[in-house]
Amino acid sequence: MKKLAFLPVAALVGILFLQANPKPEADTFHAMQPEAPALPAEVKAIVQQKCYGCHNPQSKNEKGKAKLDWDALEAAKKSKSLATMGKIKETLEEGTMPPARFLESNPDKKLTAEEAATLLQWTTGKKK
Ligand code: HEC
């Protein structure tokens, strides 16, 4: 009889332990997944304004869409997205995006120096 009295205590300790560590396995699982690069809000805002128009799954700009689709980039596995981010970095360094011809009629779409720097920083994975 005395031994059984410990059972509820053991159960209680077990419950308390689980509550202190809600789903510990979820985080471990998360850490093991090759992650898509989460677009920071400031990056997303710039992309939305200056890049997304041509680089989205419904874009009528077939060439632009084929080269880069931001939605796919966000959903991609890390290994694949790293290559794409390398390309993005190149276009930023060379200043080739948005395309010059497009900017002639849409000068407001040109990246400001600050925006370019923000995007560039994101592609290199460095924090500000
Ligand atoms: C007016 C439409 C348009 C806008 C706006 C635009 N792009 Fe592009 N982008 C294109 C086209 C078209 C291509 C394909 C160019 C080619 O193949 O020569 C392309 C290609 C690219 C590529 C692939 C380059 C390569 O060598 O594979 C990257 C990366 C890219 N764009 C990034 C961006 C970024 C970043 C922005 C926003 C700052 C942006 N683009 C805005 C039309 C656009």
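Residues numbered from 1 in each chain as written. Predicted model: local features only at pLDDT ≥ 70, side-chain atom pairs only at ≥ 80, totals over all residues. Heavy atoms only, no water.

- The name that an unreviewed UniProt entry assigns to the protein is Heme-binding domain-containing protein, with the source organism given as Algoriphagus aquatilis.

**Digging into the overall build of the protein**
- In terms of regular secondary structure, the protein is built from eight helices and zero strands.
- When the helices and strands of the protein are read in sequence order from the N terminus, they spell out α-α-α-α-α-α-α-α.
- Per-residue burial over the protein gives 22% buried out of 128 residues.
- Roughly 9,800 Å² of accessible area belongs to the protein as shown, and the carbon and sulfur atoms make up 62% of that amount. (Helix = DSSP H or I, 4+ residues; strand = E, 2+ residues; numbered from the N terminus. Buried < 20%, exposed > 50% of the residue type's maximum accessible area, 1.4 Å probe, protein only. Areas by Shrake-Rupley, 256 points an atom, 1.4 Å probe, with all protein chains shown as cover.)

**Points about the layout of surface pockets**
- Looking at the largest pocket, its volume works out to about 700 Å³.
- Put simply, the parts of the chain that give the lining of the largest pocket at least two residues each are α3 (41-50), α4 (62-67), α5 (70-75) and α6 (78-94).
- Take the lining of the largest pocket: its biggest share by element is seven residues, from α6.
- Here the lining of the largest pocket is built from residues that sort into 17 nonpolar, eight polar and eight charged. (1 Å grid on protein atoms, 1.4 Å probe; cavity = no way out; pocket = protein on both sides within 12 Å on 5 of 7 lines; lining within 4 Å. Points joined across faces, edges and corners; volume = space filled by probe spheres on them. Nonpolar A, V, L, I, M, F, W, Y, C, P; charged D, E, K, R; others polar.)

**What to know about the site of the ligand**
- Around the ligand sit 18 residues, and of these Cys 51, Cys 54, His 55, Met 97 and Phe 102 come closest.
- Between the ligand and His 55, the relevant distance is 2.7 Å, taken from a nitrogen atom to a side-chain nitrogen or oxygen of the residue.
- Cavity membership is defined here by more than half of the atoms lying within 2 Å of grid points; on that basis the ligand lies in the largest pocket.
- Taken together, the residues of the shell around the ligand break down into 10 nonpolar, four polar and four charged. (Near = heavy atom within 4 Å. Polar contact = N/O pair within 3.5 Å; in protein donor to acceptor, adjacent residues only side chain to side chain. Sits in = over half its atoms within 2 Å of the grid points.)

**Quick notes on the confidence of the model for the protein**
- On average, residues of the protein score 81 in pLDDT, and 69% of them are at 70 or above.
- Per-element confidence in the protein is highest for helix α7 (residues 100-105), whose mean pLDDT is 97, and lowest for helix α2 (residues 24-32), whose mean pLDDT is 48.
- In the model, residues 26-33 has pLDDT below 50 throughout and makes one contact with residues more than four positions away in sequence or in other chains. (pLDDT = per-residue confidence, 0-100. Contact = heavy atoms within 4.5 Å.)

**Structural notes on the nonpolar core**
- Grouped together as the largest cluster of nonpolar side chains are 14 residues, with contacts concentrated most on Val 43, Val 47, Trp 70, Leu 73, Ile 88, Leu 119 and Trp 122.
- Broken down by secondary-structure element, the contributors of at least two residues to this core are α3, α5, α6 and α8 (113-123).
- The residues touching Val 47, leaving out its near neighbours within four places in the chain, are Tyr 52, Trp 70 and Leu 119. (Core = buried A, V, L, I, M, F, W, Y, C linked by side-chain atoms within 4.5 Å.)

**With respect to the coordination of the iron atom of the ligand**
- Distances from the iron atom of the ligand to its protein donors, His 55 (NE2) and Met 97 (SD), fall within 1.9 to 2.2 Å.
- If you look at the iron atom of the ligand, its six donor atoms make angles of 85 to 179° with each other, and the shape they trace is octahedral. Here the residue His 55 occupies a position in the loop between α3 and α4, and Met 97 occupies one in the loop between α6 and α7, the gap between them amounting to 42 residues.
- Judged by its relative accessible area of 35%, Met 97 is partly exposed. (Donors = N, O, S within 2.8 Å, 3.2 Å for Na, K, Ca; no water. Tetrahedral: all angles 85-135°; square planar, octahedral: opposite > 155°, others 65-115°.)

**Regarding α8**
- Every buried residue of α8 is listed here: Glu 115, Thr 118, Leu 119, Trp 122 and Thr 123. All buried residues of α8 fall inside an arc of 135° around its axis, so they share one side. Along α8, the residues that are exposed and aim more than 90 degrees away from the buried face are Ala 113 and Glu 114.
- On the buried face of α8, the contacting elements are α3, α5 and α6. (Arc of directions from axis to C-beta.)

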